[in-house]
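One letter stands for each residue in the lines below.
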There are 2 protein chains.
Amino acid sequence: MIDANVDDPGELMTIATTAAEKQLDLAALRNVPGFVIRLIQLKFFDGFYETFAELGLTPATYAILMLVRDNPGVVPSSIAALLRLQLPNLTKILHQLEDAGLVKRSRSKIDRRAIEITLTSKGEKLMRDAVRLTAPYNRRMLAPLNETERSTLIGLLNRICPF
Amino acid sequence: MIDANVDDPGELMTIATTAAEKQLDLAALRNVPGFVIRLIQLKFFDGFYETFAELGLTPATYAILMLVRDNPGVVPSSIAALLRLQLPNLTKILHQLEDAGLVKRSRSKIDRRAIEITLTSKGEKLMRDAVRLTAPYNRRMLAPLNETERSTLIGLLNRICPF
DNA sequence: TATTGTTATACTCTATAACTATA
DNA sequence: TATAGTTATAGAGTATAACAATA
């Protein structure tokens, strides 16, 4: 050890990298919900991968497969509109899910332009496994809140959710 | 008009693209806060660009400049840690902001590896303009909630925000 | 030997235009 | 003429490795 910071004995002197250490003023940004929501979303994504990577799921494929599970025969344009994905990008993902044996694509008999998406049995099994991990994941992400507060938050979020 | 849907008279037959039209079952996804938060974040980003694009601000530059405004002399590594940006990516943005005359970069006299970031007067003026647009933007994004609910939401979000 | 900031680069996500087949 | 899906491609955002200067 060459040099030591008097305020931080026992460690090499480094520039503080957390708000608390650096005493940064964050009051303004904390009152911008869009900023706070962005940070929370990054936290949820990190937590998602920690929990669901073992199943090979991403946030996007989780949402797509869950939507298909509850709405068998849903068409790509509906999925894209709801999940705010561009159709070309969704097409690619759906082909990957089909290649992985998780979904089945079949021409609609009513409108032969449309493709009806359903889960395969492999896809259904995957989502059963995913569902088992979901409640613990949600609890972990909302750990600072008690049960009442979690319900309140989910209710308020759904009120401002654009669908 | 060639053909008309009996359920939708007066319009060409199209596949419904909203949850309401298509009667999609979204109950499962609505109870996954991470999913709802992702959609809300996309909504906030869209709204952000509608409001702040005229100032040339992005969500990232807004946050960076606001942080620098309230913490003059803050170093890139602190900004990166707080805003969850990688240092190489932040470096690029800071050089753009410097080229635009919004921030000043100067070597720290305490630690000559570090760069202290401050706003220029042009940067200060820009953020005064941005602040004027912020409250209306926040209100518009949280329009479905009353004043009490907005406060409750912001409080709960800050409790789960990772800093 | 570790840290700050930089450069270069790769990878993922997202967006747009042009095409086909169907309506 | 408009829509569903596809293909190709471009752009933005994000991540990683290697480096120089400084501690």
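The structure presented is a predicted model; accordingly, all values stated were derived computationally and were not measured.

Criteria and cut-off values
Residues numbered from 1 in each chain as written. Chains lettered and ligands numbered in written order. Predicted model: local features only at pLDDT ≥ 70, side-chain atom pairs only at ≥ 80, totals over all residues. Heavy atoms only, no water. Phe/Tyr/Trp six-rings, centres within 6.5 Å; stacked < 30°, edge-to-face > 60°. Helix = DSSP H or I, 4+ residues; strand = E, 2+ residues; numbered from the N terminus. Buried < 20%, exposed > 50% of the residue type's maximum accessible area, 1.4 Å probe, protein only. Salt bridge = Lys/Arg side-chain N within 4 Å of Asp/Glu carboxyl O. Axes fitted to C-alpha atoms, helices over the stretch in contact; angles between N-to-C directions. Parallel < 35°, antiparallel > 145°, perpendicular 65-115°, else oblique. Left-handed = near helix turned anticlockwise from the far one by under 90°. Contact = heavy atoms within 4.5 Å. Least-squares fit on C-alpha atoms with pLDDT ≥ 70 in both.

Q: What is the right way to read the packing of aromatic side chains from this model?
A: Each pair of aromatic rings is reported with the distance of its centres and the angle of its planes. Within this structure, the stated rule accounts for 16 aromatic pairs over all chains. Each ring, one from A:F52 and one from A:Y137, has its centre 5.5 Å from the other, and the planes form 80°; the classification is edge-to-face. With a gap of 85 residues between them, A:F52 in helix α3 (residues 33–52) and A:Y137 in helix α7 (residues 121–141) connect regions that are remote in the sequence. Between B:F48 and B:Y62, the ring centres sit 5.7 Å apart and the planes meet at 90°, which makes this aromatic pair edge-to-face. Separated by 14 residues along the polypeptide, B:F48 in helix α3 (residues 33–52) and B:Y62 in helix α4 (residues 59–70) bring together distant segments of the chain. Looking at B:F48, the relative accessible area reads 5%, which means it is buried. On the accessibility criterion, B:Y62 (4% relative accessible area) is buried. In this structure an aromatic cluster arises from ring pairing among A:F44, A:F48, A:Y49, A:F52, A:Y62 and A:Y137.

Q: So what exactly am I meant to see when it comes to the pattern of salt bridges here?
A: Two side chains with opposite charge may pair up if their charged atoms get near one another. According to the stated counting rule, one finds 16 salt bridges over all chains in the structure shown. A salt bridge links B:D70 to B:R69, with the shortest nitrogen-to-oxygen separation between them at 2.9 Å. A residue is classified by how much of its surface remains accessible, and B:R69, at 34% relative accessible area, is partly exposed. Between B:D129 and B:R132 there is a salt bridge, with the nearest N and O atoms lying 2.5 Å from each other. With B:D129 and B:R132 both in helix α7 (residues 121–141), this residue pair falls three residues apart, about one helical turn. By relative accessible area, B:D129 is classed as buried at 18%. Salt bridges linked by common partners bring A:K125, A:D129 and A:R132 together as one network.

Q: Which parts of the structure should I look at to understand the packing of α3(B) against α7(B)?
A: The axes of two packed helices give the description: the angle between them and the distance between them. Residues and elements named next belong to chain B. For the pair α3 and α7, the least separation of the axes is 10 Å and the interaxial angle reads 140°. Judged by the inter-axis angle, α3 sits oblique to α7. Seen along the crossing, α3 lies across α7 with a hand that is right-handed. Judged by residue contacts, K43, F44, G47, F48, E50, T51 and F52 of α3 engage A130, L133, T134, Y137, R140 and M141 from α7.

Q: Can you help me understand the relation of the copies chain B and chain A in this one?
A: Copy one and copy two of the chain differ by a rotation about a common axis and a shift along it. Overlaying chain B with chain A gives an RMSD of 0.0 Å, the required rotation being 180° about an axis along which the chain moves by 0.0 Å. Those values place the two copies in the arrangement expected of a two-fold rotation axis. An overlap of 100% is found between the interface residues of chain B and their copies at the interface of chain A, pointing to a shared contact surface.

Without other data, these values stay purely geometric and don't point to any function.
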